[in-house]
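An overview of the molecular structure
Below are the chains, spelled out letter by letter.
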Amino acid sequence: MPAMVRKLAQRLGMLQHSFVGGVHPNMHKLTADVAIEECDIAPVHVLPMKQHIGEICSPLVAVGDLVLRGQKIARSEGYLSVPVHAPTSGRVVKIEEHTIPHPSGMGLPSIFIESDGDDKSDESIAPISDWINTDPTQLRERARKCGLAGLGGAVFPTFIKLVQDKRFPIETVILNGIECEPYLTNDHRLMLEHAEEILEGMAIIMHMVGADSGIIAVEDNKQNAADSMQQALDARSDMDGVVVHVLPTRYPQGSEKQLIYTLTGREVPAGKLPMHIGVLSQNIGTTKALFDAVMLGKPLTERTVTVSGDALAKPSNLLVRLGTPVRSLFARQGLDDFSGIQIVHGGPMMGERLKNPDFPVVKSSTGLLAMSLQAMKAAHTVEQPCIRCGHCSEACPISLVPNLLADQCRSDQFEKAAQYDLFDCIECGACSYVCPSNIPLVHYFRYGKGQLALQRREDSFAEASRKRSETRDARIEREKAEKAARRSQVRKTHAPKTDEAKAETDAETKTGGEAGVADSKATESKD
Amino acid sequence: MISLLYALASLGVFALVAGIVLAIAQKLFHIEGDPMVEKLDALLPQTQCGQCGYPGCKPYATAVASGEADVNHCVPGGERTMLQIADLMGVEPKDLEAEPAAPMLAFVREDECIGCTLCIKACPVDAIVGAPKQYHTVIADHCTGCNLCVEPCPVDCIDMLMKPELIEHWSWPLPDTKRAQLGHERREQHAGHG
């Protein structure tokens, strides 16, 4: 159905709200029935100094220091940042750069912790079991202090969203249990195994933002998770405003803005946040982590990771300490030889392809996939011409025109692409997925966004430099003028005669001059 | 004959009126400075490096605006700047004289610095801090990498370092497909020959 007709029908109430576009990839949820296993503590943990969106942290510990599990080892610098904590007890062995799961293959300064095997915890953060009578700002500080960042993959510092703003009161809290990426099942398993804790976490969030109603959104390929949440909900008497919504499976339903539209019929405007339309959406894993932080006083030192992929003998859901080397996780699941295998960090649709598994588990590690290269469809290297079939426009959940944008990015018409709302693209990959010509559309968008960001950075740097240079020129001018003024002042004060005498001499020369002129006139007349 | 005089007189009167109107308009809508210079200056990278042969970006912009200088002298601006200038001036793009070097950053080896303030005076963007007989240091975020501080230093304690590539500033390369490369090459050819 064309998007316009669908939207009209939705507005008229003939159709349930539902985001436009989307695709139905094979879900490959291999690990849906595999219970979360706790992973052994690795001998050495690597903690990158930035595991969130925002400013990088600075280390608080030095080489040789002994640390406890949950001890803060890096301080956040700036507002948009959360601290990093030690995942286990042990000794800091070195602080140096280490590769992180990033498409560039580049690294960040990281703290290496050699575990001592005791796994002793830092007990300095006390649980707040009476959260219902606790001031929301105090709970918010707890969320920041415990290093919470969105565990759905975007790792946006959680505390920033958990705020009561009088201008934008939050009406609805959405618990995002969609998990629409193929292969990933960690939120699914959390909902099955920790429903009570997640609900308690949700209650804390609703208390913090002052919301009365809530929605738990689950896709229908996880009916048992929805049942589990419903069961836990029925057991509670204090959460009447919360309902469980089961939605038909479609990718990218788990994307925040798409989910909010589907559930509430309200669109988050471009460049705005969900809070601006009175909605807060939180991921399942993050909600569980908030429960741990508030009720147990546990900072974020572990997360569930789906280790899966078609090249893996034993796919599983693991509870992993942050900083665990990924190579050891794959080895645990029976994969040692990485030839002919592509490692993906995150889900297959939006995750990063990485060259090797030499990086640690970080806060954004939702999944770790080992894919055989054939399955990865090396076909994307054979890009065919666009045949204008329009499938990409139909699949785009934000109604962009991907083929046009890709053309503009390919020919470096970045400003034009920006006019066609390149920056609203959420890089979900639905367009690349449906393209019959195998055009790597999202890759073009990322290229375009990067180049445009670079140009804008250069322009603003040039503008700043110009201002500095102009101020400098102005200052030099002023100093010169001041110097000249001072010099004439000095000359005046140090002149041999007093002002009066000088004035007299001036007057004398004047009269003398006039006399001279008169004389010459006289001589003229004589002639 | 008389009709010719009429024609001349009426044209003369018209010319006079038009002249007066134009003169008033010029006084009324007078713009301080050359707007073209401002526009060109805004396109330049503002490194103030002098590699174009002029003592800064503004002087080069003035020279281009007056037609005295060519459009292809800005080295750090590279092809993008050259194309934008050529577009604004309405002239054919020209090949660049020199490839832009990788972005550099001045660095003062502080233990060798004698605090002479010569580099501070040389810096066109005030990116060096220090005082007489105190160590000087470069504010890395403001350094344009223009090289102008290296020459005046009497003890040669200023190094030009490669600007470190930040992971936040990393951007995706063009997709590694034949069509992507083809499109890119075609565009470069197009840019080269206007």
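For the structure itself, consult the block above.
This report concerns the structure included in the present document.

Conventions and cut-offs
- Residues numbered from 1 in each chain as written.
- Chains lettered and ligands numbered in written order.
- Predicted model: local features only at pLDDT ≥ 70, side-chain atom pairs only at ≥ 80, totals over all residues.
- Heavy atoms only, no water.
- Pairing = 2+ DSSP bridges.
- Helix = DSSP H or I, 4+ residues; strand = E, 2+ residues; numbered from the N terminus.
- Axes fitted to C-alpha atoms, helices over the stretch in contact; angles between N-to-C directions.
- Phe/Tyr/Trp six-rings, centres within 6.5 Å; stacked < 30°, edge-to-face > 60°.
- Buried < 20%, exposed > 50% of the residue type's maximum accessible area, 1.4 Å probe, protein only.
- Lys NZ or Arg CZ within 6 Å of the ring centre and 35° of its normal.
- Parallel < 35°, antiparallel > 145°, perpendicular 65-115°, else oblique.
- Left-handed = near helix turned anticlockwise from the far one by under 90°.
- Contact = heavy atoms within 4.5 Å.

1. Some words on the sheet that holds strand β9 (residues 172-177) of chain A
Paired through backbone hydrogen bonds, the strands of a sheet run either parallel or antiparallel to each other. Residue and element names in this part refer to chain A. Across the sheet, which stays open at both edges, the four strands sit in the order β11-β10-β9-β12 with parallel pairing between neighbours. Of all the strands in the sheet, the pair left with one neighbour each is β11 (242-247) and β12 (279-283). Across the sheet, the mean angle from the axis of one strand to that of its neighbour is 25°, orientation sign disregarded. Where β9 meets β12, five bridges bridge the pair, whose relative direction is parallel. Counted as the bridge partner of Val173 is Leu280 from β12.

2. Observations concerning the packing of aromatic side chains
In this structure the tally under the stated criterion is five aromatic pairs over all chains. Residues B:Tyr54 and B:Tyr60 carry aromatic rings whose centres are separated by 5.8 Å and whose planes lie at 40° to one another, so their mutual orientation is tilted. A single burial state applies to B:Tyr54 and to B:Tyr60, both of which are buried. It is A:Lys94 that lies over the ring of A:Phe112; its NZ or CZ is 4.7 Å from the centre. For the cation-ring pair, A:Arg250 lies above A:Phe19, with the distance from its terminal atom to the ring centre recorded as 4.0 Å.

3. Some points on the packing of helix α2 (residues 35-43) of chain B against helix α3 (residues 57-65) of chain B
A packed helix pair is summarised by two numbers, namely the angle formed by the two axes and the spacing between the axes. Residues and elements named next belong to chain B. Direction vectors running N to C along α2 and α3 enclose 125°, while the axes themselves pass 8 Å from each other. In terms of their interaxial angle, α2 and α3 are classed as oblique. The way α2 lies across α3 gives a crossing that is right-handed. Two secondary-structure elements touch here, α2 through Met36, Val37, Glu38, Leu40 and Asp41 and α3 through Cys57, Lys58, Ala61, Thr62, Val64 and Ala65.

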